Amino acid sequence: VSARYKLFLGLSGAALATLALDYLTSHGHHGGGHAAYWWHSMIGFELLYGLLGAAVLSVFAKLLVFPVIKRSEDYYPEGEE
Amino acid sequence: VSVFQHPAAFLFLGAVLALLSRGKLRKIVLLASPALALYAVSMLTPDAVLTHSIPGFTLELLRVDRLSRFFAIIFCIASFLGTLYQLHLDDAGEPVSSLALAGGALGVVFAGDWLTMFVFWEAMTVASLFVIWFARTPGSHRAGLRYLFIHVVGGGTLFAGILLHWGGGGDTFFGPMTGPAGLSPAGWLILTGVCVNAAVPPLHTWLTDAYPECSVTGSVVQSAFTTKTAVFVLLRAFPGAEPLAVLGTVMAVYGVIYAVMSNDIRRLLAYHIVSQVGFMVAGIGLGTTMSMDGAAAHAFCHILYKALLFMGAGAIVHAAGTGKLTELGGLWRKMPVTMILFMIGAFSISGLPPFNGFISKSITLASAGEAHRPLIELFLELASVGTFLSIGLKLAYFAFLGTDRDITPKPLPPNMVGAMFGAAALCTLLGVFPGVLYDLLPLGTEYHPYTSSHVLSSLQLHIGTAAGFWLLLKLLWVRPYIALDVDWLYRKPFPAVLFPLVRGMRAFGGFFKEKGVAAVYSTVPGFMDVDAKRMPVGMALFWGIVFLSALALYSWNF
């Protein structure tokens, strides 16, 4: 079993565990003072937000912005003057 | 009270004594100064005042309230940890400048009027400039000059605002500038000057440019003071200033986007100062009791985990000789202690329980929800995702795991390791016992971070982010490039205009030195020196004649 696969199993296991706990404890704060917006009470919202957020940030930074503004590491001269 | 009860006095005095002493004695002085300053802070009572009269003005050097005590405590702790991390240095310059920097920060924190605040504010600029310069590299020399350039403009803007405020009949009292009528023009100038030090984009590049150019010990010290003093001033003078809520949110996301692109570990961490200070600035802009206490709490925790992260990064640079992720990898086997301590810092900054970022960041996030600012809440949460993505995953993966570069690290001085243990212990202790911090909060907010929904939200956000990193590892792979930022404007086009201009003026001056002075000499031979090439009197005379002729022409015409 490769390390990658073990990591995948670990992550999915942890994700499922938090989902289960989220479901079990969610009855307490549904409609309570905490749920100002729908995503506060949606089960597993943060899981999805973390995944999509990481994807959006990575794609935006590395595919859209970085190719335009990247320069070689000696772009700014160092030393005298 | 006497001047020797002012906590800043211990740091300035310590700086002078450390400069005069050497060896063991200097080390004792360096460590004792912040410790005594912390003791002095603990002895201050709310009725303590210290004034100093100058002609026409009374400076209020010391004013104590919960807000100033709160920031003073963390500044003393940061100064102690930073000094400990520097203790192996033979050169007194950097530790002494660092003590002066902390002293300036305490001076601002306890200032009772705008003039006192401004004097210490500028003292901080000078001290931090020397912390940069004592890296003694060509890169730090140039970065220091750019740092000075930005801070002179920022300090000038602040001072113009203060003078305009007084000129308009404003109070000299260092207090809120916000009111029902909104900000006055003077208030806007002051706010802009403070925003320079708070590293609000596009005024942030002095930080991300200069901090990675400091020595590894210097950047630890730098990370604590300048931006957090600005946060203190914003809390003091601009609570609830609406533009700050949006600016802070922009900062938080801006910083992480650059962190995702950075290759240099200390530049990556510097962009995370911008991002984390964004959380604080947004909290101040939201202006509720809870959001402002959240900002203060986050400043407190941030100073600790940021110092820890810069210490870990500094340990990597010290041991491996490079801070570029493309040249690092496989360090977990050789630097396991550094890795564990660094990861405590990484989990803290991401807001993972049970570390201190969790107990402070969640206050700001919750207050944005309660203030019905869903976009601010969601974008700050996106910044949290980016924080874990770029520090806890990207930096950690490429430095400690990744491609094994077969680096043989240099051993670390024990004081560096000790400072890392100290910072990591405080990050963990505050996370486990949040009450210690909450009891000190300036506005006395009550908050319970360890509810099942808060803990689960944080865990899920981190697991989701880790899954994203795992899927997008190829895309996030580090590349040996820098990412341009707005400092490009004053590093490329500005010199392209300025340097030819300076060269032209030099040529112009040279021409007159040759021809013009010779003309004066030939008409007034009595001034002729034996050595015709060196005539300071002649030059002064020449320019005097030019100036007086211009003046005569001017007054004659009008």
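Details of the structure are given in the entry above.
Residues numbered from 1 in each chain as written. Chains lettered and ligands numbered in written order. Predicted model: local features only at pLDDT ≥ 70, side-chain atom pairs only at ≥ 80, totals over all residues. Heavy atoms only, no water.

Asker: Which residues make up the overall build of chain B, and what values do they have?
Answerer: Within chain B, the secondary structure is distributed over 22 helices and 3 strands. Relative to its length of 558 residues, chain B is compact, with a C-alpha radius of gyration of 26 Å against a globular reference of 24 Å. In terms of principal-axis extent, the alpha carbons of chain B reach across some 90 × 60 × 50 Å. Sequence separation of at least 24 residues holds for 81% of the intrachain contacts in chain B that already meet a minimum separation of 6. Surface accessibility of chain B: about 21700 Å² in total, with carbon and sulfur atoms responsible for 71%. (Helix = DSSP H or I, 4+ residues; strand = E, 2+ residues; numbered from the N terminus. Rg over C-alpha atoms; globule rule 2.2 N^0.38 Å. Contact = heavy atoms within 4.5 Å. Areas by Shrake-Rupley, 256 points an atom, 1.4 Å probe, with all protein chains shown as cover.)

Asker: How would you explain the pairing of strand β1 (residues 49-54) of chain B if you had to name every residue and give the values?
Answerer: Residue and element names in this part refer to chain B. Strand direction decides the pairing type here: β1 and strand β2 (residues 57-63), joined by 6 bridges, are antiparallel. From the neighbouring strand, leucine 50 faces β2, where its bridge partner is leucine 62. Two successive antiparallel strands, β1 and β2, enclose a turn made up of 2 residues, where glycine 56 displays a positive phi of approximately 85 degrees. (Pairing = 2+ DSSP bridges.)

Asker: Can you break down the interface of chain B and chain A residue by residue, with the values?
Answerer: Taken together, the contact pairs 55 residues of chain B with 48 residues of chain A. Regarding the contact of chain B and chain A, the summed buried area is about 4800 Å², with carbon and sulfur atoms giving 67% of it. In this structure, the connection of chain B to chain A is made through 1 salt bridge. Here glutamate 73 of chain A ties to lysine 324 of chain B by a salt bridge, and the two come within 3.3 Å at their closest N and O atoms. Summed over the shared surface of chain B and chain A, the result is 13 residue pairs in polar contact (both at pLDDT 80 or more). (Buried area = accessible area lost by both parts, 1.4 Å probe. Salt bridge = Lys/Arg side-chain N within 4 Å of Asp/Glu carboxyl O. Polar contact = N/O pair within 3.5 Å; in protein donor to acceptor, adjacent residues only side chain to side chain.)

Asker: Mind laying out the pattern of salt bridges, listing which residues take part and the relevant values?
Answerer: One side chain can pair with another of opposite charge once the charged atoms of both are near each other. Residues and elements named next belong to chain B. Summed over all chains, the structure comprises 8 salt bridges over all chains. Its salt-bridge partner being arginine 491, residue aspartate 209 comes within 3.5 Å of it at the nearest N-O pair. Taken as a pair, aspartate 209 in helix α8 (residues 205-210) and arginine 491 in helix α20 (residues 488-491) lie far apart in primary sequence, 282 residues in all. Like arginine 491, aspartate 209 is buried. Residues arginine 373 and glutamate 242 are paired through a salt bridge, measuring 3.1 Å at the closest nitrogen-oxygen approach. On the criterion of sequence distance, the pair formed by arginine 373 in the loop between α14 (356-370) and α15 (374-400) and glutamate 242 in helix α10 (residues 242-261) is long-range, its members being 131 residues apart. Take arginine 373: its relative accessible area is 24%, and that puts it in the partly exposed class. (Buried < 20%, exposed > 50% of the residue type's maximum accessible area, 1.4 Å probe, protein only.)

Asker: Which residues make up α15 of chain B, and what are the values?
Answerer: All names here are of chain B. Helix length check: α15, at 27 residues, gives a terminal C-alpha distance of 37 Å against a target of 39 Å (1.5 Å per residue), a fit within 8%. The largest bend in α15 is about 25 degrees, located at lysine 394. Of all 27 residues making up α15, 23 are buried, and the element is well covered by its neighbours. Looking at the residues trailing α15, positive phi occurs at glycine 402, about 60 degrees. (Expected span 1.5 Å × (residues − 1). Bend = angle between axes of the 7 residues up to and from the residue.)

Asker: Talk me through unusual backbone geometry; I want residue IDs and the actual numbers.
Answerer: Residue and element names in this part refer to chain B. At the junction of proline 201 and proline 202, the peptide bond is cis and its omega measures out at 5 degrees in the coordinates. Take proline 202: it is sitting in the loop between α7 (185-197) and α8. The linkage connecting proline 353 with the following residue, proline 354, adopts the cis geometry, with an omega of 5 degrees. Tracing the backbone through its elements, the reader meets proline 354 in the loop between α13 (336-350) and α14. The backbone of arginine 136 shows a phi angle near 55 degrees, a positive value even though the residue is not glycine. Inspection of the secondary structure assignment puts arginine 136 in the loop between α5 (114-133) and α6 (138-167).

Asker: How would you sum up the packing of aromatic side chains? Please name residues and give values.
Answerer: One pass over the structure, following the stated rule, counts 38 aromatic pairs over all chains. Here the aromatic rings of phenylalanine 71 of chain B and phenylalanine 75 of chain B are separated by 6.1 Å at their centres, their planes lie at 55 degrees, and the arrangement is tilted. On the criterion of helical spacing, the pair formed by phenylalanine 71 of chain B and phenylalanine 75 of chain B is a turn pair, its members being 4 residues apart in helix α3 (residues 66-86). Side by side, phenylalanine 71 of chain B and phenylalanine 75 of chain B carry an identical accessibility label, which is buried. Both rings, one in tyrosine 397 of chain B and one in phenylalanine 469 of chain B, keep their centres 5.9 Å apart while their planes meet at 70 degrees; by these two values the pair is edge-to-face. With tyrosine 397 of chain B in helix α15 and phenylalanine 469 of chain B in helix α18 (residues 452-471), this residue pair connects regions lying 72 residues apart in the sequence. Taking the relative accessible area as the measure of exposure, phenylalanine 469 of chain B reaches 7% and is therefore buried. These aromatic residues form a ring-pair network of at least three members: Phe70, Phe71, Phe75, Trp114, Phe174, Phe225, Phe232 and Phe300 of chain B. Its guanidinium or amino end placed over the ring of phenylalanine 66 of chain A, lysine 62 of chain A lies 5.3 Å from that ring's centre, counting from NZ or CZ. The ring of tyrosine 76 of chain A carries the charged tip of arginine 491 of chain B above its face, separated from the ring centre by 3.6 Å. (Phe/Tyr/Trp six-rings, centres within 6.5 Å; stacked < 30°, edge-to-face > 60°. Lys NZ or Arg CZ within 6 Å of the ring centre and 35° of its normal.)

Read these as geometric descriptors, not functional statements.
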